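So the chains spell out like this:
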Amino acid sequence: IHAYGTEVADVRNIEVIGNVLSNSGELADGVSHWANFFFTVGLGADNILLEDNHSYHTPRLNAGSSSLGWAFSAIEKHAVARRNYFIGGASAIELWNWNNVVFEGNTVYSDDSLMMLLHRREGQHSSPYVIRGNTYYGSGLMRLDTQNLRWPQWKEQSNFDANSTFISGRPKGTWVFVRPNRYEVGRGHVIVYNWDLQDSVLVDLGSILERGASYEIRDAQNYFGPPVVQDIYNGEKIALRMIGIKPAAPVGTLPPESTAP
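These numbers were taken from a predicted model, which means no experiment stands behind them.

1. Side note on the sheet that holds strand β10 (residues 91–96)
Now for step 1: Strand order in the open sheet made by the seven strands is β1-β4-β7-β10-β13-β16-β17, with mixed pairing throughout. Taken across any chain shown, the strands that pair with only one partner, and hence form the sheet edges, are β1 (2–4) and β17 (147–150). Averaged over neighbouring strand pairs, the angle between their axes works out to 15 degrees when direction is ignored.
Now for step 2: Relative to strand β7 (residues 65–68), strand β4 (residues 35–40) is paired through three bridges, and the arrangement is parallel. Across the sheet, residue phenylalanine 38 finds its bridge partner in β7, namely serine 67.
Now for step 3: On top of the sheet, helix α2 (residues 151–158) reaches β13 (114–119), β16 (141–144) and β17; it is set at about 115 degrees to β17, its chief contact.

2. Here's the deal with the pairing of strand β24 (residues 238–241)
Now for step 1: Burial along β24 is one-sided: Ile238 and Leu240 are buried, and none of Ala239 and Arg241, which face the opposite way, are.
Now for step 2: Relative to β24, strand β21 (residues 200–203) runs antiparallel, the two sharing four bridges. Counted as the bridge partner of leucine 202 is alanine 239 from β24.

3. A word on the environment of glutamate 210
Now for step 1: As for its placement among the helices and strands, glutamate 210 is situated in the loop between β21 and β22 (214–217).
Now for step 2: Residue glutamate 210 is classed as exposed on the basis of its relative accessible area, which comes to 65%.
Now for step 3: Sequence separation of glutamate 210 and tyrosine 233 is 23 residues, and the distance between their C-alpha atoms is 7.2 Å.

4. Observations concerning the sheet that holds strand β5 (residues 46–51)
Now for step 1: Across the sheet, which stays open at both edges, the five strands sit in the order β2-β5-β8-β11-β14 with parallel pairing between neighbours. A single partner strand is all that each edge strand has here, and the edge strands are β2 (12–17) and β14 (129–132). Across this sheet, the average inter-strand angle for adjacent strands is 10 degrees, counted without regard to direction.
Now for step 2: Pairing between strand β11 (residues 98–104) and β14: four bridges, direction parallel. Its bridge partner lying in β14, valine 101 is registered against tyrosine 129.

5. Side note on the pattern of salt bridges
Now for step 1: Applying the stated rule across the entire model yields 10 salt bridges.
Now for step 2: Where glutamate 51 meets arginine 83, a salt bridge forms, and the shortest distance between an N and an O atom there is 3.6 Å. Placement of the pair is glutamate 51 in strand β5 and arginine 83 in the loop between β8 (76–82) and β9 (85–87), with a sequence separation of 32 residues.
Now for step 3: What makes glutamate 51 buried here is its relative accessible area of 14%.
Now for step 4: For arginine 83, a relative accessible area of 39% puts it in the partly exposed group.
Now for step 5: The partner of glutamate 184 in a salt bridge is arginine 187, and the shortest N-O contact between them spans 3.7 Å.
Now for step 6: What makes glutamate 184 partly exposed here is its relative accessible area of 40%.
Now for step 7: The exposure class of arginine 187 is partly exposed, given its relative accessible area of 39%.
Now for step 8: A single salt-bridge network, built from bridges that share partners, covers Glu51, Asp52, Arg82, Arg83, Glu104 and Arg132.

6. Considerations on the packing of aromatic side chains
Now for step 1: Taken as a whole and assessed by the stated rule, the structure comprises 19 aromatic pairs.
Now for step 2: Ring centres of tyrosine 56 and tyrosine 193 lie 6.4 Å apart, and the angle between their planes is 50 degrees; this geometry places the pair in the tilted category. Here tyrosine 56, found in strand β6 (residues 54–56), pairs with tyrosine 193, found in strand β20 (residues 188–194); they are 137 residues apart in sequence, far enough to count as distant.
Now for step 3: Measuring from ring centre to ring centre gives 5.6 Å for tryptophan 175 and tyrosine 193, while their planes differ by 65 degrees; the resulting arrangement is edge-to-face. Of this pair, tryptophan 175 sits in strand β19 (residues 174–180) while tyrosine 193 sits in strand β20, and the two are 18 residues apart along the sequence.
Now for step 4: According to the relative accessible area criterion, tryptophan 175 is buried, its value standing at 15%.
Now for step 5: Residue tyrosine 193 is classed as buried on the basis of its relative accessible area, which comes to 5%.

7. Quick word on α2
Now for step 1: For α2, every residue scored as buried is listed here: Trp151, Trp154 and Ser158. Along the long axis of α2, the arc covered by the buried residues comes to 60 degrees, so they all point the same way. Opposite its buried face, α2 presents the exposed residues Pro152 and Glu156, each directed more than 90 degrees away.
Now for step 2: For α2, the secondary structure elements touched by its buried residues are β13, β15 (135–138), β16, β17 and β18 (165–168).
Now for step 3: Looking one or two places after α2, you find asparagine 159, whose phi comes out positive at around 65 degrees.

What counts, and at which threshold
Residues numbered from 1 in each chain as written. Predicted model: local features only at pLDDT ≥ 70, side-chain atom pairs only at ≥ 80, totals over all residues. Heavy atoms only, no water. Pairing = 2+ DSSP bridges. Helix = DSSP H or I, 4+ residues; strand = E, 2+ residues; numbered from the N terminus. Axes fitted to C-alpha atoms, helices over the stretch in contact; angles between N-to-C directions. Contact = heavy atoms within 4.5 Å. Buried < 20%, exposed > 50% of the residue type's maximum accessible area, 1.4 Å probe, protein only. Salt bridge = Lys/Arg side-chain N within 4 Å of Asp/Glu carboxyl O. Phe/Tyr/Trp six-rings, centres within 6.5 Å; stacked < 30°, edge-to-face > 60°. Arc of directions from axis to C-beta.

Function cannot be read off these values alone, since they describe shape.
Right, dumping it as C-alpha cells:
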C-alpha cells in the first residue's frame, strides 16, 4: 500500500486499517523486498493513520520495510501508527521527517537488522513525538537520525519508549488473529504467526461461524487452489494445517516463497 504525491499534490487524510501485507516486491526476483506500507510526497504528507495492520517480511531475509515518510521527502506533518505488527525487514518500521508522530501499542520484530529507524527534521528534538507502549523483539538495534543505538542507548538518548518492552531474539509461541468480515456474515480472515513452527495451529472460528455451518479456509497465497481446511463447524477449535502449503505460481516470473509454516 503506497501513497505518493508530487511537487504540487500532497498525500493527506488517509486511513489504512486492518490490512495484511507480506513480502512486497518479492515477485521481482525473489529477494528484492520493498516497503509493505509507504507514504511520502513532495509537499509533505499529513493526517496519515495506520491502525491494526500486519506487515510481514520473512525475517531471516532481512529485506524490505514499512515506511512513514522517506529520506528524500519534504517535511511530513502528522501521522499515527497504532496496534500494528511490523515483522521482519532490513528495517521493520521507518519514520522520516515528521512534524509529529504518535507510535504506540505496536509490535515490532527484526531478526538482526533495525527494529526502528527514526529520522527527525534537522534541529528537531523528541518533544513532538509520542512513542510508547510498544513491544520490540529481535536485534535490539534502533537508528536515531544517523546513529545506530542499542536498546538501552535508545531509551536513554531519545527519551522514547519509557513504558515499552524489548525481548531479545525471536518471538515464541503462536499468535492467532481471527477477524470477521463486517460486510459479509460468515466470512473472515485468519492471521497466524507460528513462531514455534508447529505443523498445525488451533484456531477458534466462533466469531465467524455458527455451529453446523460448512466452511473452508483458503491460503491467501493460493486463493484458487484447494482449501487448506474444509469441514462442518462443530463449535470447537479447528486444527489449521501449517505445512505442505504451496503458493500459486505466477505466469512469467519466479514463484513466491510460502510464508508457511
